[in-house]
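Residue-level structure breakdown
The chain contents come next:
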Amino acid sequence: MTNDERRATGDGRLGAYEVLRPTLDTSRIRADFPILAEQVNGRSVVFLDSAASSQKPVQVLQAMDDVYRHAYANVHRGVYTFSEAATERYEQARVKIARFIGAPAAENIVFTRNATEALNLLAYSYGRHFLQPGDEILITELEHHANFVPWQVLAQERGLRLKFIPISPEGRLALDKLDELLTPRTRLLSFAHVSNVLGAITDPRPIIQRAHAIGARVIVDGSQSVPHMPVNVVELDCDFLVFSGHKMLGPTGIGVLYGKRDLLDAMPPFLTGGDMISAVGFDGPRWNDVPLKFEAGTPAFVEAIGLGAAVDYLSALDMSAVRAHERELTAYALERMSEVPGAKIIGPTDPDVRGGVVTFTLDRVHPHDLASLLDREGVAIRAGHHCAQPLHIRLGLSATARASFYIYTEPHEVDALIEAIYKARHALKR
Ligand SMILES: Cc1ncc(COP(=O)(O)O)c(C=O)c1O
């Protein structure tokens, strides 16, 4: 049943349509996502794990299929038609992505495999080149391992001090501690714009201003924000921004590092080999210009073109409308979850400061058991530590359950989640 049909039939069980002011035409959007018509265990799939990886619209699949069918050849190398066509589409994708995040130029965009690789690139190239023993790196207690482990390794290797902004009792960053944590030795601050566990949205601007005031550089992990809300790097004035294509309708294997031009120019390469040099002689190499200096070897150009199509899709929807849609869904999900006996929401309960991620525990039910039982009902959620073990240690939890939303999520899917949780409790006699 489409949204419109539900409205027409006034399906009382759902009841959400009176509460929600739809900002996206989800019926039309869902028609672009073939996988959402799949059945799981005999039921229409209710896919609530987009924070891990989103589904893909036909426009993205077709953009990639079209390259393979009509314009496939290695980029930046051939002088023949296919290679020139593939190169042009690849570089056009870079331009689209630059525009999507308000970057001054395409040269600010480095393609990586994912956000993790972008952060490792920064730790290796920026961190190993510019940080000295005794310098401090400030991250937060809520970071994904991708923004945690590279800094731990760098700190151990280089004798740096790694410090953490704590979380507040309501599950947001305790920014009142920022001034005492930022010291003249702080060289780098790296934090998630939106937490993949708590859903907490942090306003990056005041943090970036305070870090810049003491001369520190700032990395924003936009993995959970760029797919879901307007993000403009010039307005933020961040030094670097990282995100992954697969969480924003794009394929796997492609991610983005945005960097300010002077910093990218000053940084040494991360990986070396073909494409990242301008010339190699027996006396040594000369590096290519930014961004190719950071793109050694054959890049994932078909995937980059797919990400370009994803960005076209999101831009046509308008990112403010995407955020408004997810805010409404989150508010509705938080309200419905509060009815479930034994359910505890992890993170802020104000939908204005929460992305489309609803993480929770259920009294005396292990999140993995819950996720397995929900799968029997066709409902896909995530269970575990969500690659944020230090945060779970702080929360005193070994695992949590997480439902996450995107442009194609409809309120009746929140209802399906709640109904499936009740069934699971019943099955487990909780
Ligand atoms: C906040 C955050 N940062 C980084 C990552 C890492 O993304 P990837 O695995 O695509 O590199 C994720 C993935 O879940 C994330 O949620």
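**Notes on the packing of aromatic side chains**
Tallying each qualifying case throughout the model produces 10 aromatic pairs. Where Tyr 126 meets Phe 240, the ring centres are 5.8 Å apart and the plane angle is 70 degrees; that geometry is what we call edge-to-face. Of this pair, Tyr 126 sits in helix H6 (residues 115-130) while Phe 240 sits in strand E9 (residues 240-244); the two residues are 114 residues apart in sequence, bridging distant segments of the chain. Taken together, the aromatic side chains of Phe 33, Tyr 313, Tyr 406 and Tyr 408 make up a single cluster linked through ring pairs. Here Arg 94 stacks its cationic end above the ring of Tyr 90, 5.2 Å away from the centre of that ring. Arg 128 extends its terminal NZ or CZ atom over the ring of Tyr 124, reaching a point 4.0 Å from the ring centre.

**With respect to unusual backbone geometry**
Residue Pro 291 is reached from Val 290 by a cis peptide bond, and omega for that bond is 5 degrees. Residue placement: Pro 291 occurs in the loop between strand E12 (284-287) and helix H12 (301-317). You will see that Asp 237, though not glycine, has its phi angle at about 65 degrees, which is positive. Checked against the element boundaries, Asp 237 lands in the loop between helix H10 (233-236) and E9. For Asp 237, a relative accessible area of 35% translates into the label partly exposed. Here Leu 249, not a glycine, exhibits a phi torsion of approximately 80 degrees, which is positive. Tracing the sequence through the fold places Leu 249 in the loop between E9 and strand E10 (255-259).

**So, the environment of Arg 261**
Note that Arg 261 resides in helix H11 (residues 261-266). Judged by relative accessible area, Arg 261 falls into the partly exposed class, the value being 36%. Spatially, the C-alpha atoms of Arg 261 and Asp 239 are 9.2 Å apart, while their sequence positions differ by 22 residues.

**Brief notes about the confidence of the model for the chain**
On average, the chain scores 94 in pLDDT, and the residues at 70 or more come to 95%. Confidence drops under a pLDDT of 50 for residues 1-19, and excluding neighbours within four residues, the segment shows 26 contacts in the predicted structure.

**So, the nonpolar core**
One broad trend across soluble globular proteins is that nonpolar side chains are buried collectively. Counting residues in hydrophobic clusters, the biggest one holds 75 residues, and the most contacted among them are Ile 101, Leu 241, Met 248, Leu 249, Ile 407 and Tyr 408. No other element matches the 11 residues that H12 contributes to this core. In this structure, this core is formed jointly by two domains, domain 1 (3-48 + 318-427) and domain 2 (60-316), each of which donates at least three residues. Not counting residues within four places of it along the chain, the set of residues in contact with Ile 101 comprises Ile 109, Val 226, Val 231, Asn 232, Val 233, Leu 241, Phe 243 and Tyr 258.

**Points about the side chain of Glu 377**
Tracing the chain through its elements places Glu 377 in the loop between helix H14 (367-376) and strand E15 (379-380). Engagement of the side chain of Glu 377 in a polar contact is seen with the side chain of Arg 43, the distance being 3.5 Å. Not counting residues within four places of it along the chain, the set of residues in contact with Glu 377 comprises Arg 43, Ala 420 and Lys 423.

**Observations concerning the packing of helix H4 (residues 58-70) against H12**
Where H4 contacts H12, the axes come no closer than 8 Å and their chain directions differ by 145 degrees. As H4 runs across H12, the sense of the crossing is right-handed. Here Gln 59, Val 60, Ala 63, Met 64, Val 67 and Tyr 68 of H4 lie close against H12, whose contacting residues are Val 302, Glu 303, Ile 305, Gly 306, Ala 309, Ala 310 and Tyr 313.

**Looking at the domain arrangement of the chain**
Accessible area lost upon the coming together of the parts serves often as the stated size of an interface. Partitioning the chain into structural domains gives domain 1 (3-48 + 318-427) and domain 2 (60-316). Distance from the C-alpha centre of domain 1 to the C-alpha centre of domain 2: 29 Å. Contact residues are listed per partner, giving 34 residues for domain 1 and 30 residues for domain 2. Here domain 1 meets domain 2 over a buried area of about 2500 Å², counting both sides, of which 64% is carbon and sulfur. Sorting the residues of domain 1 by area buried against domain 2 places Met 319, Leu 391 and Tyr 406 first, and these three jointly supply 25% of that buried surface. At the junction of domain 1 and domain 2, the tally comes to 1 salt bridge. Put simply, Arg 394 and Glu 141 hold a salt bridge, and the shortest N to O gap is 2.6 Å. On the surface where domain 1 and domain 2 come into contact, there are 15 residue pairs in polar contact (both at pLDDT 80 or more).

Definitions and limits used
Residues numbered from 1 in each chain as written. Predicted model: local features only at pLDDT ≥ 70, side-chain atom pairs only at ≥ 80, totals over all residues. Heavy atoms only, no water. Phe/Tyr/Trp six-rings, centres within 6.5 Å; stacked < 30°, edge-to-face > 60°. Helix = DSSP H or I, 4+ residues; strand = E, 2+ residues; numbered from the N terminus. Lys NZ or Arg CZ within 6 Å of the ring centre and 35° of its normal. Buried < 20%, exposed > 50% of the residue type's maximum accessible area, 1.4 Å probe, protein only. pLDDT = per-residue confidence, 0-100. Contact = heavy atoms within 4.5 Å. Core = buried A, V, L, I, M, F, W, Y, C linked by side-chain atoms within 4.5 Å. Domains from an automatic or database assignment. Polar contact = N/O pair within 3.5 Å; in protein donor to acceptor, adjacent residues only side chain to side chain. Axes fitted to C-alpha atoms, helices over the stretch in contact; angles between N-to-C directions. Left-handed = near helix turned anticlockwise from the far one by under 90°. Buried area = accessible area lost by both parts, 1.4 Å probe. Salt bridge = Lys/Arg side-chain N within 4 Å of Asp/Glu carboxyl O.

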